[in-house]
Amino acid sequence: MSPSRWGEIFMMLGMVLGVMGLPQPSSLTVSSSTTFARQRRQLENFGANPDADPAPNCRCVPHWQCKDNQISETVEGEGLSSLVLDLRSNLACDGDPQKVCCVLVDFGARPPTVPPVDPLCGERNDLGVGSTILGFEDQQSQFGEFPWAAAIVTSRGFGSSDTPLYTAGGSLIHPQVVLTVAHSMLNYTADQLKARLGEWNLAGKTEAVPHQEIQVKELLFHPDYHKEKQYYDVALLVLDRPAVVGATVNIICLPSNVQDYVSDDCVVSGWGKRDFDKKAKFQRVMKKVSLPVVDHAQCQTALQGTRLGPRFILHDSFLCAGGQKEGQDPCTGDGGSPLTCRLKSDSRRYVQVGVVAWGIGCGTLGVPGVYADVLKARPWIDQVINDHFSNAGTKNEKLDLRISTVS
């Protein structure tokens, strides 16, 4: 592909992304969208010479602090403006996708303002929030792509850096309630845990919108949870204050029945490891794995062909997904992460059908992963939310209880 063609594609992407962001009120005028001429030239050079070096004498900074040949465009419409960052044109800043290699730096520059939004439950931001990153090669998600995803961390830090420990994934099902997996919570009490919402890069602090970290007030286990056999492997974290819902933090819809969603268009999002190797590390940037829901009987047959043996019976509190492609599966550390499927009634939105629970290996061809079935846990989830919030004194809290459910 010619260098000029790369430039045309880059410009077209910038224009398209500016008008395909999150839905906004019709009266909203979207702020300017910024691209960088130097990055575009680097992308052109990369197309002609993949081994080309990035600009010399540059330093890695958040993209909004870079003033190298800045070009601003104002995009009018009902979407968020978006900046296109291509990892292939920014080879010097490996490890933090939000950084660019820059010569002219304004350290006082603030992140671009994301217009306020009032999203419906389950709205996925396919193109990200504030920027869209091209060139990911390891199933990484865009920043803000899954606004319902939660990272459950310890309340106090450890080590010389006093860093909280990541314990499990989760999902926001109410502004003040996170759904996760029970077996990962057994060794903790509520005061030892926090929910981190709007998180994306666990190892960085360059997100344009800071995450929200909220203390857990109450830890509740499903009354039928079986510690040995892991039946009804779900738990709820009641937070000590509501999350602020917006572009990067939002509630996931809960299903009313299996007819709500497209069972072969599902995705898991989380920070788990790639495999069971003890040396493997948690993902820095939230990853995503696309996979379909698998029929219960078919899953049981597949699991009977593993070390579980031919007499294994898959309890009806579980559902399965994946197994069609090798390596396409959650793994260690993904426990509690949400399995969400696209809604039949609205292709922009998703509903949570499962909670990552357990599996035989990671990504083994022909062996689906096993999830706690959210629909089977719905009666208890509804009861907890109603007991805690049905007598809420404000209109907004009552509305929040309603919009988390698909009916």
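Refer to the preceding data block for the structure.
*Asks:* In this structure, what is going on with the environment of Asn125? I would like to understand it.
*Replies:* Tracing the sequence through the fold places Asn125 in the loop between β5 (99–102) and β6 (131–134). For Asn125, a relative accessible area of 4% translates into the label buried. For the pair formed by Asn125 and Arg349, sequence separation is 224 residues and the distance between their alpha carbons is 9.3 Å.

*Asks:* Any chance you could explain helix α4 (residues 374–389) here in plain terms?
*Replies:* In an α-helix, one turn spans 3.6 residues, which is why side chains three or four residues apart end up on the same side. A bend of about 35 degrees at Trp380 is the largest found in α4. Looking only at α4, the buried set comprises Val374, Ala377, Arg378, Trp380, Ile381, Val384, Ile385 and Phe389. Between the side-chain oxygen at the start of α4 and the backbone nitrogen of Leu375 there is a gap of 3.0 Å, and the oxygen is on Asp373.

*Asks:* Which parts of the structure should I look at to understand unusual backbone geometry?
*Replies:* In terms of backbone geometry, most residues other than glycine have negative phi values and most peptide bonds are trans. The backbone phi angle of Gln230 is positive, close to 65 degrees, even though this residue is not glycine. Among the structural elements, Gln230 can be located in the loop between β11 (212–221) and β12 (235–239). A positive phi angle is found at Tyr232, which is not glycine, with a value near 45 degrees. Looking at the element boundaries, Tyr232 is found in the loop between β11 and β12.

*Asks:* Looking at this model, I keep getting lost on the pairing of strand β13 (residues 261–270). Mind explaining?
*Replies:* Each regular strand shows side chains that alternate between the opposite faces of the sheet. Pairing of β13 with strand β17 (residues 338–343) involves 4 bridges; the strand directions are antiparallel. Residue pairing for β17: Tyr261 is matched across the bridge by Leu343. Sheet topology note: the β13/strand β14 (residues 287–291) ladder contains 5 bridges and is antiparallel. If you follow Gly270 over to β14, its bridge partner there is Lys287.

What counts as what
- Residues numbered from 1 in each chain as written.
- Predicted model: local features only at pLDDT ≥ 70, side-chain atom pairs only at ≥ 80, totals over all residues.
- Heavy atoms only, no water.
- Helix = DSSP H or I, 4+ residues; strand = E, 2+ residues; numbered from the N terminus.
- Buried < 20%, exposed > 50% of the residue type's maximum accessible area, 1.4 Å probe, protein only.
- Bend = angle between axes of the 7 residues up to and from the residue.
- Polar contact = N/O pair within 3.5 Å; in protein donor to acceptor, adjacent residues only side chain to side chain.
- Pairing = 2+ DSSP bridges.

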